[in-house]
Protein chains: 2
Amino acid sequence: MADTAEMIEEDEGLPKNLVAMVVDIVNADDIASLNTVLNPLHPADVADLLEQLNERDRAALLALWKDGMDGEILSELGDDLREEVIDILGPTELADAVRHLESDDVVDLVEDLGEDQQEQVLDALNASDRLVVEQALAYPDESAGRLMQMEVVRAPSHWTVGETIDYLRASDDLPEQFYHVILVDPRMKPVGYVTLGRLLGTPRPIHLTELMEDSFRTFRVDQDEEDVAYAFNQYHLISAPVVDEDDRLVGVITIDDAMIVLDDEHEEDILRLAGVDGESSLTDKVIATTKRRFPWLAVNLVTAIFASLVISMFEDTIATLVALAVLMPIVASMGGNAGTQSLTVAVRSIATKDLTSANVWRVIRREVYVGLINGAIFAVVMGIVGWVWFGSPMLGVVIAIAMVINMVVAGLAGTAIPVVLEKFGIDPALASGAFVTTVTDVVGFFAFLGLAAVMLL
Amino acid sequence: MADTAEMIEEDEGLPKNLVAMVVDIVNADDIASLNTVLNPLHPADVADLLEQLNERDRAALLALWKDGMDGEILSELGDDLREEVIDILGPTELADAVRHLESDDVVDLVEDLGEDQQEQVLDALNASDRLVVEQALAYPDESAGRLMQMEVVRAPSHWTVGETIDYLRASDDLPEQFYHVILVDPRMKPVGYVTLGRLLGTPRPIHLTELMEDSFRTFRVDQDEEDVAYAFNQYHLISAPVVDEDDRLVGVITIDDAMIVLDDEHEEDILRLAGVDGESSLTDKVIATTKRRFPWLAVNLVTAIFASLVISMFEDTIATLVALAVLMPIVASMGGNAGTQSLTVAVRSIATKDLTSANVWRVIRREVYVGLINGAIFAVVMGIVGWVWFGSPMLGVVIAIAMVINMVVAGLAGTAIPVVLEKFGIDPALASGAFVTTVTDVVGFFAFLGLAAVMLL
């Protein structure tokens, strides 16, 4: 046991041979060894282990280790796998697994399940827990209401440190994790908060209002979780109260929840920039993955055909000088890459609210200059390459001019397109790539082949 | 004042017209209005505002508002801008600004400054703070030692709740933020921790050991900050002790520090995948940006020329049938996009330790199947397009076969190349793109033109 734990601490993440070892143990039906290996693991690590097994081994492990499955492991699993595991567990095991979870964890667990499975989990809860979970599920998807926990530690703002400590000692259902005491007025409106550290370091007679922190932010229950995550990150919040439309305290969001949202948003952005649906995960099946990759490829096919139409305008030119067919992908490719660089910086800067109407023209100007300078350098290189390769100085001049044009356009389009998409309410991470590469392909082919038609023939 | 604060809460991020308003105020030399607008802002928002001004307005604002600049705003600025602002501030203002920061914030502030500026800031500190900061700077860059704060709240493990609270009340220099009391043995080795919530909710005579949390993780002072961020995210840690090589407690890392590292790593990965040096920011100047974009474009030029060499092998084929030049970019482009999808999923899965030697073959098999299915669908579409467009059924067959081949190769290369790069210790986010698109370009052009040469001529 100690060994396994130590191996994990050395390297972070699962030890290399753990998966193979577990498969051996499962195949040998050796339940004692399985307990020895799995029980000391953190639920997050058990979930990772399950994700790395193939479907058959996973089913065998779960059959052998049904009692070991708990709600925390279920919480850590990806959506697809969670449904698979819930199907394997019987109703009794499922009830045992979820009974000990806090309400916000149950909400997180069930919100993406199918209706049948959701009902199954809710049935396993006692009446009062079920009520709390159903209340949370009534808030919109991806809202502060879904994210918050409803167990809040609060105190009237007129209390002293001593009164607060006595109250906390008398409470028998304090949340597992809390970092602040939220001060409320008589109408339950939050007016500030006191950190537990301050509370502990202050003599009993002092009033809470004297210990209140200066900066204090509340969220509305219907606010987007993305806003919440942004604010936690921007203002280094640890926890923040959530209020309803009447400004009454209804819950609290803590930094660990915000961190998970931020992590998910990032992941989604990275994948969307690459044309993959943000919900995708490594345990998705072939068909699900195929469907998720298809739309972007379909869009790309249309834009690629569009670029081909541009080329076909110059069929005669190419027939006269085949060297053009050899060199034309270089111009398009360099523009595409420069455009992707610009658009990625722009998309991220929009997400972090660093790129705004106040500085967009300055950034576009910068990108155009960058395109001009890098374009000029690569124009010289490619001009020489084209000249030497095909023995035609004019061909070198043509590819050089086309290169500069396309890289300037790349900088312009790479910044302007995400900004415009954002203005129209379209996620720039998802859609910018198709537009920008269409522009750089079309401009690249048109500039190069058009100049060649005029200057060379 | 209340107005500004409310505007920010409504939307998160700076209010839309704030930048324009501040520029007007600065141009009017209206210091009173400037204070009214800027003083209620969070330092992070002031830093964002400074980043959105152009260089001239920024200098004018700072000249007018020197006293307003504090260490927290400096901490929030990006590296480039921080150097610019420190240059504008005189030594007196700089000293005032940094004097009130906690030691780990000073470390964060100075670690990336040039030597001159670093010396300037250190000179502004009192002797004991300076010692602490210099000690932290002695740890390797991007290590747990750099990330941690040295002010730790600890207690001998044999203490009771009452003794601990009395000790905390008697301390006059508790850290601003702390969430746990770390229990140490007589040799200063951390043995566990107690949350402040538990401490507050428990009667005085109870012993701390009875309140200890089960799961407990420590980091070594020389451990990579990336490992630290991974563990905070994976195990939902709030704070964790840092120990030296003799297992003695030397500091504590809190979740907000880990969140910043995680955010930076993500940002770096996104930008690297797009071929942009991860350190880049929106306030970089033209020359700095040009330099940062250049290496990837240079690599891309080489690979594009390589792809052109493949095309040039088939110059005669293209001269006979110019339609090939029109259609060939489509095959390469679809492969490139499919490859980028696979490689992005693979790179992210490697970063989150979900893609390991245990499941790599399963994932590669899945990607190949996905390439096969999507390839087959687009093969049919493009086969028909090619046939109808150029009136040649065989040309349709050629492009269809080439499409399937290239998309299968894309899935294979998109997964295998990042995995192999990782094995060789090369950051897959940085290098995979060049390799994968080279493969899909070369295979795309070769398969399409080669098949055409054999089947059509």
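Residue positions are given per chain, counting from 1 as you read along its sequence in written order. Key to labels: chains lettered from A, ligands numbered from 1, both in the order written. Only residues with pLDDT of at least 70 are given local features in this predicted model, and only at 80 or more are side-chain atom pairs given and counted; all residues enter the totals for whole chains, interfaces and linings. Values reported for side chains reflect all heavy atoms of the structure, with hydrogen atoms and water molecules removed beforehand.

Per an unreviewed UniProt entry, chain A is named Magnesium transporter MgtE, and its organism is Octadecabacter dasysiphoniae. UniProt annotates chain A under Sequence similarities (unreviewed entry) with the comment "Belongs to the SLC41A transporter family." UniProt positions are given in the numbering used here, feature names are shortened, and annotations may be inferred rather than shown by experiment. Among the UniProt annotations of chain A, the heading Function (unreviewed entry) holds the following wording: "Acts as a magnesium transporter."

### Remarks on helix 10 (residues 115–123) of chain A
All names here are of chain A. The rule is simple: take the accessible area with a 1.4 Å probe, protein chains only, and divide by the maximum for that residue type; under 20% is buried, over 50% is exposed, in between is partly exposed. Every helix listed is a DSSP run of H or I at least four residues long, and every strand listed is a run of E at least two residues long, numbered separately from the N terminus. Within helix 10 the residues assigned to the buried category are Gln117, Gln118, Val121 and Leu122. Take helix 10 and look down its axis: the buried residues cluster within an arc of 140°, on one side only. Turned more than 90 degrees away from the buried face of helix 10 sit Glu115, Asp116 and Asp123, all of them exposed. As used here, the arc is the angular range of directions from the helix axis to the C-beta atoms.

### Structural notes on the interface of chain B and chain A
In many analyses, interface size is given as the accessible surface area lost on bringing the parts together. Taken residue by residue, the interface counts 131 residues in chain B and 131 residues in chain A. By definition here, a salt bridge exists when the distance from a side-chain nitrogen of Lys or Arg to a carboxyl oxygen of Asp or Glu is within 4 Å. At the boundary of chain B with chain A, the tally comes to 4 salt bridges. Across the pair B:Glu267 and A:Arg348 runs a salt bridge whose closest N-O atoms are separated by 3.0 Å. Distance and chemistry together define a polar contact, namely a pair of N or O atoms within 3.5 Å, with one atom able to donate a hydrogen and the other to accept it when in protein, and with adjacent residues in sequence counting only for side-chain atoms on both sides. Put simply, chain B and chain A have 43 residue pairs in polar contact (both at pLDDT 80 or more) between them. In terms of residue count, the dominant contributor to the side of chain B that touches chain A is helix 19 (residues 323–351) of chain B (18 residues). Each residue is assigned to one class: nonpolar for Ala, Val, Leu, Ile, Met, Phe, Trp, Tyr, Cys and Pro, charged for Asp, Glu, Lys and Arg, and polar for all the others, Gly among them. Partitioned by chemical class, the residues of the side of chain B that touches chain A number 72 nonpolar, 33 polar and 26 charged. Residue contacts follow a heavy-atom distance rule, with two residues in contact if any of their heavy atoms lie within 4.5 Å.

### Overview of the UniProt feature "domain: CBS" (unreviewed entry) in chain A
According to UniProt, the "domain: CBS" (unreviewed entry) feature falls on residues 212–268 of chain A. For residues 212–268 of chain A, the end-to-end C-alpha separation is 37 Å, with 44% helix and 23% strand making up the annotated structure.

### Focus on the UniProt feature "transmembrane region" (unreviewed entry) in chain A
Residue and element names in this part refer to chain A. Mapped onto the present numbering, the UniProt feature "transmembrane region" (unreviewed entry) falls on residues 294–314, 320–347, 368–390, 396–421 and 433–456. Each end of residues 396–421 is marked by a C-alpha atom, and these two atoms are 37 Å apart; helix forms 100% of the span and strand 0%. Strand forms 0% of residues 433–456 and helix 96%; the C-alpha atoms that close the span are 33 Å apart.

### Topic: the domain arrangement of chain A
Residues and elements named next belong to chain A. Where a domain begins and ends is set by an automatic assignment or by a domain database. Annotation of chain A at the domain level lists domain 1 (2–142), domain 2 (154–273) and domain 3 (286–455). In this structure, domain 1 and domain 2 have C-alpha centres spaced 29 Å apart. Reported buried area values correspond to the accessible surface (1.4 Å probe) lost by two parts on association, with both partners' losses combined. For the pair domain 1 and domain 2, the summed buried surface comes to about 470 Å²; carbon and sulfur atoms form 49% of the total. In terms of surface lost to domain 2, no three residues of domain 1 exceed Glu102, Tyr139 and Glu142, which account for 82% of the buried area on that side. For the pair domain 1 and domain 2, the number of links is 0 salt bridges. At the boundary of domain 1 and domain 2, one finds 1 residue pair in polar contact (both at pLDDT 80 or more). For the side of domain 1 that touches domain 2, a count of residues per class yields 1 nonpolar, no polar and 3 charged.

### Looking at a nonpolar patch on the surface
Only residues whose relative accessible area exceeds 30% and that form no salt bridge are eligible for patches; like-charged ones are grouped when within 9 Å, while nonpolar side chains (Val, Leu, Ile, Met, Phe, Trp, Tyr) are grouped when within 5 Å. Each accessible area value is a Shrake-Rupley result obtained with a 1.4 Å probe; residue values ignore everything except the protein chains displayed when judging cover. Taken together, A:Ile287, B:Tyr369, B:Leu372, B:Ile373, B:Ile377 and B:Val381 make up a surface patch of nonpolar side chains, about 490 Å² in accessible area. Ranked by residue count, the leading element in the nonpolar patch is helix 20 (residues 360–390) of chain B, at 5 residues.

### Looking at the nonpolar core
Of all hydrophobic cores here, the largest spans 76 residues; its most connected members are A:Phe448 and B:Phe448. What B:Phe448 contacts, discounting residues up to four positions off in sequence, is B:Leu324, B:Leu327, B:Met328, B:Val331, B:Leu395, B:Val398, B:Ile399 and B:Ala402. Residues belong to a common nonpolar core when they are buried Ala, Val, Leu, Ile, Met, Phe, Trp, Tyr or Cys residues joined through side-chain atoms within 4.5 Å. In this structure, A:Ala44, A:Ala240, A:Ile253 and B:Leu237 belong to the second largest nonpolar core, which totals 46 residues.

### With respect to the confidence of the model for chain A
All names here are of chain A. Per-residue confidence from the predictor is given as pLDDT, running between 0 and 100. Of the residues in chain A, 97% have a pLDDT of 70 or more, and the chain-wide mean is 90. No element of chain A has a lower mean pLDDT than helix 1 (residues 2–11), at 40, and none a higher one than helix 21 (residues 393–423), at 97. A low-confidence stretch, residues 1–10 stays under pLDDT 50, and its non-local contacts, those more than four residues away or across chains, total 18 contacts.

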